[in-house]
Amino acid sequence: WSFAASGYPADDVFQVSPDQVVNSLDGMDISHVCNVIWAYARAGPRNEPLFAILADEAAGRLPKMEPMHLSNLAWSFANAARADEFDLRRIGVRHEP
């Protein structure tokens, strides 16, 4: 998250961290999952398999999310041109490609 927020070029970090992200998902709370998704949408390189895994993880946690989490997800997937990956209709967001 901090690399994405700072604007510091950190492509190497984002390219080597997907395995660690996936292996850590069980230990992450909802905020952490949303922050990781936001960071990859904002600054990370395109990683189709990772976004698919993160979309599934987020979808499984929808019932426990607060509005802030939902807005973070909607922005992240829409900004990363991945709105179809995470069906935004599940959280009440209309998306027209």
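What counts, and where the lines are drawn
- Residues numbered from 1 in each chain as written.
- Predicted model: local features only at pLDDT ≥ 70, side-chain atom pairs only at ≥ 80, totals over all residues.
- Heavy atoms only, no water.
- Core = buried A, V, L, I, M, F, W, Y, C linked by side-chain atoms within 4.5 Å.
- Buried < 20%, exposed > 50% of the residue type's maximum accessible area, 1.4 Å probe, protein only.
- Helix = DSSP H or I, 4+ residues; strand = E, 2+ residues; numbered from the N terminus.
- Expected span 1.5 Å × (residues − 1).
- Contact = heavy atoms within 4.5 Å.
- Arc of directions from axis to C-beta.

Caption draft 1: Representation of the nonpolar core within the structure. Counting residues in each nonpolar core, the largest one holds 23 residues, and the members touching the most others are Val21, Ile37, Tyr40, Leu54, Met65 and Leu73. For this core, the elements supplying multiple residues, two or more each, are helix 4 (30-42), helix 5 (48-60) and helix 6 (67-79). By residue number, the principal contributor to this core is helix 4, which donates nine residues.

Caption draft 2: Main features of helix 6. Counted at 1.5 Å a residue, the expected span for helix 6 with its 13 residues is 18 Å, and the 18 Å between its end C-alpha atoms agrees. If you follow the buried residues of helix 6, they end up packed against helix 4 and helix 5.

Caption draft 3: Spatial organisation of helix 5. Taking 1.5 Å of rise per residue, 13 residues should cover 18 Å, and helix 5 covers 19 Å from first to last C-alpha, within 8% of that figure. When helix 5 is considered as a whole, its buried residues turn out to be Leu50, Phe51, Leu54, Ala55, Ala58 and Ala59. Projected onto a plane normal to the axis of helix 5, the buried residues spread over an arc of 165° and lie on a single side. Among the exposed residues of helix 5, those pointing more than 90 degrees away from its buried face are Pro49, Asp56 and Gly60. Contact partners of the buried residues in helix 5: helix 3 (18-24), helix 4 and helix 6.

Caption draft 4: The arrangement of the environment of Leu50 in detail. Within the secondary structure, Leu50 sits in helix 5. Between the alpha carbons of Leu50 and Tyr40 there is a distance of 9.3 Å; along the sequence they are ten residues apart. Excluding residues within four positions of it along the chain, Leu50 makes contact with Pro18, Val21, Val22 and Tyr40.

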